[in-house]
Amino acid sequence: MNALLPPARPYEVALAYHMRTKHSLKAYAAGPETLDWDMQPNPFREFEGAPRIALPLAAERLEVSFADMVAGRVSPAPLHLAGVALLLELSFGLAAWKQLGPDRWALRCNPSSGNLHPTEAYVLAQGVTGLADGVHHYVSRDHALEQRFSRRTGGSVAVASASGFVMEQYFSPPPGPARLHLALSSIHWREAWKYGERAFRYCQLDLGHALAAVRYAAACLGWTATLVDGVDSATLAALAGIDRAGDFGGAEREDPDLLIALAPAGAERPVAPDGAVEGRWAGKANVLDRHPLYRWPVIDQVSRATEAGSASGAFDEPAAGAALPARVPAAAGRAAGTILGRRSAQRFTAKGSTMPRETFFDLLDALLPRASAPFDAWGFAPRIHPLFFVHRVDGLVPGLYALPRRDGAEAALRAALRTDFQWTAAEGCPAHIPLRRLVETDCRGIARTVSCHQAIASDSSFAVAMLSEFEATVSADPWRYRQLHWEAGLLGHVLYLEAEAAGYRGTGIGCYFDDDLHQLLGLEGAAFQSLYHFTVGRAALDDRITTEPAYPGRAG
């Protein structure tokens, strides 16, 4: 199963990879036959020799409410080191350390498949008060920045990246207006070590979670966070310095993924970086796994096939529904408390997972695309439409429900799914939430079976399968294969935080039986595909696991 996919056009490679990496009731996608947890790759990337700056901690003192964060009612802070530090703390920083017996592991604010964290973050700054101009890598374990690139002010020879791009417009003297961007990359091996060929999917889902985490963190500062379109993969790799082969040596390489522009609300969006000036790169990447046992060449193949070109990411139509009423979140409490307290439930208490109907509807309302966090970071029309296996919602009949998230999607779903589905409006649901009941049934066993027999899909209040408008989207631009997963991950992150704020917990499920679910729904072909499963309920806590502070001994 390590053989490459047959040579084909890029979109065909993406489609073939997706079909090849499906789990089924008969067999799982190719993965490692054994795992040695003592040999797990290092979860923290560092660049030896790069100058470091320790960042202040401020989340515990942040009084912004969850409702104000979501509604965008926070006065904008200036672009300052303190704001950058808070942004990173709430998006990529550690939330806690956990310990069970001899095992100790870190939890981060951004969730990750298997807690493996393939996503790396790079800060690109110019004119940000208190932060040197340049490119900085974030080390979440230490809440610190490593300065990878620093601008020189005269007389030196430019050190270009291997691709030949330089940062002339971004850092060119005289300094222009303040600019702040985050570049995100993925280390595929972190996921492939455990999940084999399917790992590329999980890396992309993690990026969607990360984008949402950044947007929520920016909202706590009164900042906007916007996905930048039109930056090709080679340019992004050069900006972050991850194309510099000599700085990686035998270390695992990083895949360039996306660029996020940050600015105080109301300020002009910063111009996307496009190259650099004379300056110096510093630091050598650490090796994360010195003895890898497997190789999964199809991951590199699908990565190349889905790279962004200069036209990729051109936003196709408005992302937000103008007709939606403003949402007033029902949850109380501090935003930082919800973000730092978010956990992935390992199991649920079935008896305690009954959810009020109003809470369920509020969670669904949060998934609709408004011009507020996190969807205002997203320049695409919705292509992900969740299906809900409703188990324990007071006042709502158990069964399978659909939530079309854009105009015209319901008609397409009706045509693609089983002809005997009902498509009736859910009882008591607010008129602006297009929740449709497809079938009334006890679907706990079905949800558990199609989610790789995992009880978390049946013991919960409800489970979700995220259907994507798939084949036509990927065929038009193979890069959209990544972007569809980002949208699914973004929706998962909304559910994580909204459930946490409401007193429940969520869990992302990457293991599910793709085509067995599709057959159940009556889907044929690849017009729609499920890209992510999720579940929400009342978590059962394991009192054997102890919790320690994220940064013990560190003051704010």
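Positions within a chain are numbered from 1, following the residues in the order the chain's sequence is written. It should be noted that, the model being predicted, local features are given only for residues of pLDDT at least 70 and side-chain atom pairs only at 80 or more, the latter also being counted only at that level, while totals for whole chains, interfaces and linings use all residues. Note that the side-chain values use all heavy atoms of the structure and ignore hydrogens as well as water.

**Q** I tried to follow the overall build of the protein on my own but got confused; where do I start?
**A** Summing up its helical and strand segments, the protein has 16 helices and 20 strands in all. Taking 556 residues into account, the globule formula puts the C-alpha radius of gyration at 24 Å, and the protein, at 23 Å, falls close to it. Projected onto its principal axes, the C-alpha positions of the protein cover 75 × 55 × 50 Å. Long-range pairs, those at least 24 residues apart, make up 82% of the contacts in the protein with a sequence separation of at least 6. Per-residue and other accessible areas were derived by the Shrake-Rupley procedure at a 1.4 Å probe size, with only the shown protein chains allowed to occlude residues. Summed over all atoms, the accessible surface of the protein reaches about 20700 Å², with 53% contributed by carbon and sulfur. We count Lys and Arg on the positive side and Asp and Glu on the negative side, and we leave His and both chain ends out. Charged side chains are reduced to one point each, which is NZ for Lys, CZ for Arg, CG for Asp and CD for Glu. Computed over 53 positive and 60 negative side-chain charges, the separation of the two mean positions in the protein equals 2 Å. Working definition: helices are DSSP H or I runs of at least four residues, strands are E runs of at least two. Numbering for both runs from the N terminus. In this description the radius of gyration comes from C-alpha coordinates, and the expected globular size is given by 2.2 Å times residues to the power 0.38. Any two residues whose heavy atoms approach within 4.5 Å are treated as being in contact.

**Q** Would you explain the pairing of strand S4 (residues 103-108) in this entry?
**A** By the bridge criterion, six bridges tie strand S3 (residues 94-100) to S4 in an arrangement that is antiparallel. By the bridge assignment, Gln 99 is partnered in S4 with Arg 104. Linking S3 to S4, which pair antiparallel, is a turn of two residues; within it Gly 101 sits at a positive phi near 60°. Two strands pair under a simple rule: DSSP has to find at least two bridges between them.

**Q** I tried to follow the nonpolar core on my own but got confused; where do I start?
**A** Grouped burial of nonpolar side chains is what soluble globular proteins tend to show. Here, nonpolar core refers to any group of buried Ala, Val, Leu, Ile, Met, Phe, Trp, Tyr and Cys residues whose side-chain atoms link them within 4.5 Å. To sort residues, take the accessible area from a 1.4 Å probe on protein chains only and compare it with the maximum for the residue type: under 20% means buried, over 50% means exposed, and anything in between is partly exposed. Counting 126 residues, the largest nonpolar core has Met 69, Leu 90, Phe 360, Phe 388 and Leu 435 as the members making the most contacts within it. Ranked by residues supplied to this core, first place goes to helix H6 (residues 199-220) with 14 residues. Filtering out sequence-adjacent residues up to four positions away, Met 69 remains in contact with Val 64, Val 74, Tyr 216, Ala 219, Cys 220, Ala 335, Ile 339 and Ala 373. Within the second largest apolar cluster, 24 residues are counted, among which are Leu 387, Trp 423, Leu 438 and Phe 528.

**Q** Can you walk me through the packing of aromatic side chains in this structure?
**A** Each aromatic ring pair is specified by the distance between its two centres and by the angle formed by the two planes. Aromatic contacts are taken between Phe, Tyr and Trp rings whose centres are within 6.5 Å, Trp giving its six-membered ring; a plane angle under 30 degrees counts as stacked, one over 60 as edge-to-face, and the others as tilted. Evaluated as defined, the whole model comprises 19 aromatic pairs. Pairing Phe 470 with Tyr 481 gives two aromatic rings, centres 6.0 Å apart and planes at 75°, and the pair type is edge-to-face. Of this pair, Phe 470 sits in the loop between strand S17 (462-469) and helix H14 (471-476) while Tyr 481 sits in helix H15 (residues 480-501), and the two are 11 residues apart along the sequence. You'll find Phe 470 and Tyr 481 in the same group, each marked buried. Two thresholds decide whether a charge sits over a ring: the Lys NZ or Arg CZ must be within 6 Å of the ring centre and within 35 degrees of the ring normal. Positioned above the aromatic ring of Tyr 504, the side-chain terminus of Arg 538 is 4.0 Å from the ring centre.

**Q** Before we go on, may I ask you to explain the sheet that holds strand S20 (residues 546-548) in this structure?
**A** Two pairing modes exist for strands in a sheet, parallel and antiparallel, and in both the strands are linked by backbone hydrogen bonds. The three strands are arranged S4-S3-S20 in an open sheet whose pairing can be described as antiparallel. Edge positions in the sheet fall to S4 and S20, since each of these pairs with one other strand and no more. With direction set aside, neighbouring strand axes in the sheet form an average angle of 30°. Looking at chain direction, S3 and S20 are connected through three bridges and run antiparallel. Residue pairing in the sheet places Lys 98 in a bridge with Thr 547 of S20. In this analysis an axis means a line fitted to C-alpha atoms, helices contributing only their contacting stretch, and an angle means the value between N-to-C directions, from 0 to 180 degrees.

**Q** Quick question: what am I supposed to make of the pattern of salt bridges here?
**A** Pairing of side chains with opposite charge becomes possible as their charged atoms draw close. Here, a salt bridge means any side-chain nitrogen of Lys or Arg that lies within 4 Å of a carboxyl oxygen of Asp or Glu. Using the criterion set out here, one finds 35 salt bridges in the structure. Asp 514 serves as the salt-bridge partner of Arg 201, at 3.0 Å between the closest nitrogen and oxygen. Here Arg 201 is found in helix H6, whereas its partner Asp 514 is found in helix H16 (residues 514-521), with 313 residues between them in sequence. Taking relative accessible area as the criterion, Arg 201 reaches 1% and is therefore assigned buried. A network of salt bridges, in which partner residues are shared, links Glu 46, Arg 52, Arg 141, Asp 142 and Glu 146.

**Q** What is the right way to read the confidence of the model for the protein from this model?
**A** Caution applies to low-pLDDT parts of the model: their predicted coordinates are not meant to be read in detail. pLDDT is a residue-level measure of predictor confidence that goes from 0 to 100. When pLDDT is averaged along the protein, the result is 91, and 92% of the positions lie at 70 or above. Counting contacts from residues 153-174, a segment whose pLDDT is below 50, to residues more than four positions away or on other chains yields 65 contacts.

**Q** I tried to follow the sheet that holds strand S19 (residues 528-537) on my own but got confused; where do I start?
**A** Judged by pairing direction, the sheet is antiparallel, and its seven strands sit side by side in the order S15-S16-S14-S13-S17-S19-S18 without closing on themselves. Pairing within the sheet leaves two strands with one partner each, and these edge strands are strand S15 (424-425) and strand S18 (505-509). Looking at chain direction, strand S13 (residues 384-390) and strand S14 (residues 399-402) are connected through four bridges and run antiparallel. The residue of S14 that forms the bridge with Val 390 is Gly 399. Set on the sheet, helix H12 (residues 409-416) makes contact with S13, strand S16 (436-440), S17 and S19; between it and S19 the angle comes to about 105°.

**Q** Would you mind going over the side chain of His 117 with me for this structure?
**A** Within the secondary structure layout, His 117 lies in the loop between S4 and strand S5 (119-126). A relative accessible area of 3% means that His 117 is categorised as buried. Those residues in contact with His 117, other than ones at most four positions away along the chain, are Arg 108, Asn 110, Pro 111, Ser 112, Arg 190 and Glu 191.

**Q** What is the right way to read H6 from this model?
**A** Helices are assigned an expected span. That span is 1.5 Å times one less than the residue count. For H6, built from 22 residues, the straight-helix expectation of 32 Å at 1.5 Å per residue is met to within 8% by its first-to-last C-alpha distance of 32 Å. The buried count for H6 comes to 22 of 22 residues, which makes it a mostly enclosed element. Of the residues one or two after H6, Gly 222 is the one with positive phi, at around 70°.

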